[in-house]
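Analysis of the macromolecular model
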Amino acid sequence: MIAPTIESEVRSYCRNWPVVFDQGRGSRMFDRDGRVYLDFFAGASALNYGHNHPVLKRALLDYLEQDGVTHSLDMLTAAKEDFLTEFGTRVLGPRGLDYRVQFPGPTGTNSVEAALKLARKVTGRQTIVAFTGAFHGMSLGSLAVTGNASKRAGAGVALGHTLRIPYDGFSGGEVSGLKLLDSMLADSSSGVDLPAAVIVETVQGEGGVNPAGWTWLADLAELCSRRGILLIVDDIQMGCGRTGPFFSFEAAGITPDIVCLSKSLSGYGLPMSLTLFRTELDVWQPGEHNGTFRGNNPAFVTAAAALREFWADSTLEKRTEERGLLFEQRLNDLADQHAAHITASRGRGLVWGLAFREPDMARQVADAAFARGLLVETSGSYDEVVKLMPALTSTDEELTEGLGILQDSVTSTVGA
Ligand SMILES: Cc1ncc(COP(=O)(O)O)c(C=O)c1O
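Residues numbered from 1 in each chain as written. Predicted model: local features only at pLDDT ≥ 70, side-chain atom pairs only at ≥ 80, totals over all residues. Heavy atoms only, no water.

**Quick look at the domain arrangement of the chain**
- Per the domain assignment, the segments making up the chain are domain 1 (13-53 + 315-414) and domain 2 (58-310).
- Here domain 1 and domain 2 have C-alpha centroids that lie 25 Å from each other.
- Where domain 1 abuts domain 2, roughly 2500 Å² becomes buried across the two surfaces, and 51% of that area is made up of carbon and sulfur atoms.
- Looking at the side of domain 1 facing domain 2, the largest losses of area belong to Y49, H53 and R348, adding up to 29% of the total buried there.
- For the pair domain 1 and domain 2, the number of links is one salt bridge.
- Two residues, K387 and E206, come together in a salt bridge whose shortest N-O distance is 3.0 Å.
- Across the domain 1-domain 2 interface, the total number found is 20 residue pairs in polar contact (both at pLDDT 80 or more).
- For the side of domain 1 that touches domain 2, the elements supplying multiple residues, two or more each, are α2 (42-45), α11 (315-337), β13 (342-348), β14 (351-356), β16 (377-379) and β17 (385-388). (Domains from an automatic or database assignment. Buried area = accessible area lost by both parts, 1.4 Å probe. Salt bridge = Lys/Arg side-chain N within 4 Å of Asp/Glu carboxyl O. Polar contact = N/O pair within 3.5 Å; in protein donor to acceptor, adjacent residues only side chain to side chain. Helix = DSSP H or I, 4+ residues; strand = E, 2+ residues; numbered from the N terminus.)

**A few points about helix α9 (residues 214-227)**
- End to end, α9 covers 20 Å across 14 residues, agreeing with the expected 20 Å (1.5 Å per residue, within 8%).
- If you check which residues of α9 are buried, you get W216, L217, L220, A221, L223 and C224. In an axial view of α9, the angular spread of the buried residues amounts to 160 degrees, which keeps them on one side of the axis. For α9, the exposed residues lying more than 90 degrees away from the buried face are T215 and S225.
- Check the buried side of α9 and you find it contacts β5 (128-131), α8 (177-186), β7 (197-200) and β10 (230-234).
- Following α9 by one or two positions, G228 adopts a phi angle in the positive range, close to 70 degrees. (Expected span 1.5 Å × (residues − 1). Buried < 20%, exposed > 50% of the residue type's maximum accessible area, 1.4 Å probe, protein only. Arc of directions from axis to C-beta. Contact = heavy atoms within 4.5 Å.)

See the structure below:
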């Protein structure tokens, strides 16, 4: 029984999962009535290392116990220094990335806003190229580059300065967004002026788990560099190992000019976000982009602990890639088995989607999974995709268990 709520009608996830969650441990959540759920949602990829990872929890408890600074705007603190050192030596250094690190505010959309602002300031241009199916956040700048019509309508004002082009595979791949952009920019009478930047997700999470091809991403980077357009990769949902490597763009062999990171950075569900950019793009004036919650020190503590725990070597990355193959095989089989209802199975690393012909069916499968103790969400233009994002730290048994529940849920929904 849920207590009467004064929470706004805008609430969403609690409508699909109408129980009161009380505890989380690893890949499991527990509700107030003692029911256990296997979590293949992982805080929309904010919990890549599971709930309350013991190493991160210990670091956080020790920090709080010694009265470590909790809030500090962007003052220097020992926690921030430790995080920046770890991020430099374990993430940027080994990948040869010469990036400056900006703390833009605690949420993903804060990172996107900073990226868009910086791109416009550096180039003196206004337009941002964005893709069909993109999701970049709910503040006005981010909404302007987001695809979803109902989310954009919520802005209540005109959202401008965006040029929208087809993402890789959009509408069956019949129109190449990159060729279109290139040819428009080549003709000074096309009506399209040189944009400041292109913003892209390597796998569109909210857009329905749409992975862009590696060649497509490399072609996009080449186009941007040839035409002097900044390339922003929004790695908020796919970064921090979700697809395997720390950054989801690594296998494409590209180096974005600007990168947005958030979600699993703290590894503990504590809000934290970064905007990374090439050193020569650092044209900010001191305080020009500000915000109260840029110094969330407990998040810095767990983020540094997560980097030490998971990114000292390539073990997690390799394991995620291997498990991706297991998901690919199991979901392809499931899609083949129910080809009348499932139109595609796609993903990379440990983010996968099953697309249904009838959007309602995806919701029914997610509900059937919930009834069996598995948390999965839906995404896509019509919420037609069941999206699977288990914690990267899940055991093999948990992954197999979740895939089994999913299979049962699909069978019970569509009929054997
Ligand atoms: C790719 C991407 N960008 C930006 C955001 C916005 O992040 P936040 O909800 O923390 O503002 C999200 C959130 O799902 C996302 O998936």
